[in-house]
Amino acid sequence: MGLNLPQRKKRLLPDRPQQTLDASRAINKTWSIDFMSDALYIGKRFRTPNVIDDGVREVLSIVIDTSLRGGCVVRTLEQIAAWRGLPSAPRLENGLELIS
C-alpha cells in the first residue's frame, strides 16, 4: 500500500550574516524593486513589478500586465529615473526575474 515511505529530509540553508536595514528618511536613498503575481477570477494570471522609495514609503510605479518582458521593466525604471533621478542604492530580491 505504500504507507511506509521514507520521510524527506529538510534542506539546510547556509548561514548568512545579518545586516541591519538602513532606515533613512531621505528621498531617493534606496528603492525596493519586487515582483508580485495574482490571478483573476477566471484564472488568468497577471504580474506586477513594484518600485517603492523606502525613505518616504512612496510607491513610484506599479505596472500590471499578463506578460512582462525585460524591456518593459527597463523602460519603467528609465521613466522613473528621468522623473525622480536614480537612487543611491537599489534593494532587489534574488528571484528569477532580476537574475538575468
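Quick caveat, the model's predicted, so the values are computed rather than measured. (Residues numbered from 1 in each chain as written. Predicted model: local features only at pLDDT ≥ 70, side-chain atom pairs only at ≥ 80, totals over all residues. Heavy atoms only, no water.)

### Considering a nonpolar patch on the surface
(1) Moving on: Among the surface-exposed residues, Leu40, Tyr41 and Ile42 lie close enough to one another that they form a single nonpolar patch of about 460 Å² accessible area.
(2) Moving on: Here Tyr41 lies in the loop between strand S1 (30–39) and strand S2 (45–53). (Patch = residues over 30% accessible without salt bridge, like charges linked within 9 Å, V, L, I, M, F, W, Y side chains within 5 Å. Areas by Shrake-Rupley, 256 points an atom, 1.4 Å probe, with all protein chains shown as cover. Salt bridge = Lys/Arg side-chain N within 4 Å of Asp/Glu carboxyl O. Helix = DSSP H or I, 4+ residues; strand = E, 2+ residues; numbered from the N terminus.)

### What about the sheet that holds strand S4 (residues 89–92)?
(1) Moving on: Overall, mixed pairing links the 4 strands, which are arranged S3-S2-S1-S4 in an open sheet. Where the open sheet ends on each side, the last strands, each with one partner, are strand S3 (58–62) and S4. When strand polarity is set aside, the average angle formed by the axes of neighbouring strands in this sheet is 25°.
(2) Moving on: As paired strands, S1 and S4 are joined by 4 bridges and run parallel to one another. Directly across from Thr30, in S4, lies its bridge partner Ala89.
(3) Moving on: This element, helix H1 (residues 70–84), spans S1, S2 and S3 of the sheet and lies at about 140° to S3. (Pairing = 2+ DSSP bridges. Axes fitted to C-alpha atoms, helices over the stretch in contact; angles between N-to-C directions. Contact = heavy atoms within 4.5 Å.)

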